[in-house]
Amino acid sequence: GLEEDTSIIFTSTDGTNWISIDPGINGVLQDIEWTGTQLLTVAENSNLLTSTDGTSWTITPTISSNGHHCVLEYQGTTLIGGGNGTILYQEN
């Protein structure tokens, strides 16, 4: 069984058959974006997750201890919005 706070990502190539993926992190995933080359998602426990295929995920802790709520990439810069008015950016 799954622990209460385990994040699960579901992926499908046809929209009918779905596979569950454990990205290896506990906490709620708040947002997801496809940048054209990779998927980005943020967790309420201050992590950024990235994947090029939706199956294998890389977890990167951020410098903020505030929970994250949204993520986007614009012209090569990743932006993360979080609690208490936090805005983080990373130039790629």
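Here the structure is shown first, and the text comes after it.
So, a few notes on the structure that sits alongside this text.

Parameters at a glance
- Residues numbered from 1 in each chain as written.
- Predicted model: local features only at pLDDT ≥ 70, side-chain atom pairs only at ≥ 80, totals over all residues.
- Heavy atoms only, no water.
- Pairing = 2+ DSSP bridges.
- Helix = DSSP H or I, 4+ residues; strand = E, 2+ residues; numbered from the N terminus.
- Axes fitted to C-alpha atoms, helices over the stretch in contact; angles between N-to-C directions.
- Buried < 20%, exposed > 50% of the residue type's maximum accessible area, 1.4 Å probe, protein only.
- Core = buried A, V, L, I, M, F, W, Y, C linked by side-chain atoms within 4.5 Å.
- Contact = heavy atoms within 4.5 Å.
- Polar contact = N/O pair within 3.5 Å; in protein donor to acceptor, adjacent residues only side chain to side chain.

**Some points on the sheet that holds strand S8 (residues 77-82)**
Here's step 1: Ordered in space as S7-S8-S9, the 3 strands form an open sheet in which the pairing is antiparallel. Both edges of this open sheet fall to strand S7 (68-74) and strand S9 (87-91), since each of them pairs with a single strand only. Ignoring strand direction, the axes of neighbouring strands in this sheet form an average angle of 15°.
Here's step 2: In this sheet, S9 lies alongside S8 in antiparallel orientation, the contact comprising 5 bridges. Residue pairing in the sheet places Thr-78 in a bridge with Gln-90 of S9.

**Some details on the pairing of strand S4 (residues 39-43)**
Here's step 1: Summarising burial for S4: 5 of the 5 residues are buried, a large majority.
Here's step 2: Alternating positions in S4 separate into two faces, Leu-39, Thr-41 and Ala-43 on one and Leu-40 and Val-42 on the other, with burial throughout.
Here's step 3: In the sheet, strand S3 (residues 29-34) pairs with S4 via 5 bridges, with the strands oriented antiparallel. Along S4, the bridge assignment pairs Trp-34 with Leu-39.
Here's step 4: A loop of 4 residues connects S3 with S4, the two strands running antiparallel in sequence, and Gly-36 in this loop sits at a positive phi of about 105°.

**Points about the sheet that holds strand S6 (residues 58-61)**
Here's step 1: Strand order across the open sheet formed by 4 strands is S3-S4-S5-S6, with antiparallel pairing between neighbours. Each of the sheet's edge strands pairs with one partner strand only, and the pair in question is S3 and S6. Pairs of neighbouring strands in the sheet enclose a mean axial angle of 20°, with direction left out of account.
Here's step 2: Sheet topology note: the strand S5 (residues 47-51)/S6 ladder contains 4 bridges and is antiparallel. Bridged to Asn-47 within S6 is Pro-61.

**Some details on the nonpolar core**
Here's step 1: Core analysis: the largest hydrophobic core is formed by 7 residues, namely Ile-9, Ile-21, Ile-25, Leu-39, Ala-43, Leu-49 and Trp-57.
Here's step 2: Leaving out residues up to four positions away in the same chain, Leu-49 has contacts with Pro-23, Ile-25, Leu-29, Leu-39, Leu-40, Thr-41, Ala-43, Trp-57, Thr-58 and Ile-59.
Here's step 3: Ranked by size, the runner-up nonpolar core spans 6 residues in total, among them Leu-40, Val-42, Val-71 and Ile-80.

**Considering the environment of Ser-46**
Here's step 1: Mapped onto the elements, Ser-46 comes out in the loop between S4 and S5.
Here's step 2: When its relative accessible area of 7% is taken as the criterion, Ser-46 is described as buried.
Here's step 3: Residue contacts for Ser-46: discarding those within four places in its chain leaves Pro-61, Thr-62, Ser-64, Ser-65, Asn-66, Gly-67 and His-68.
Here's step 4: There is a polar contact of 3.0 Å between the side chain of Ser-46 and the backbone oxygen of Ser-64.

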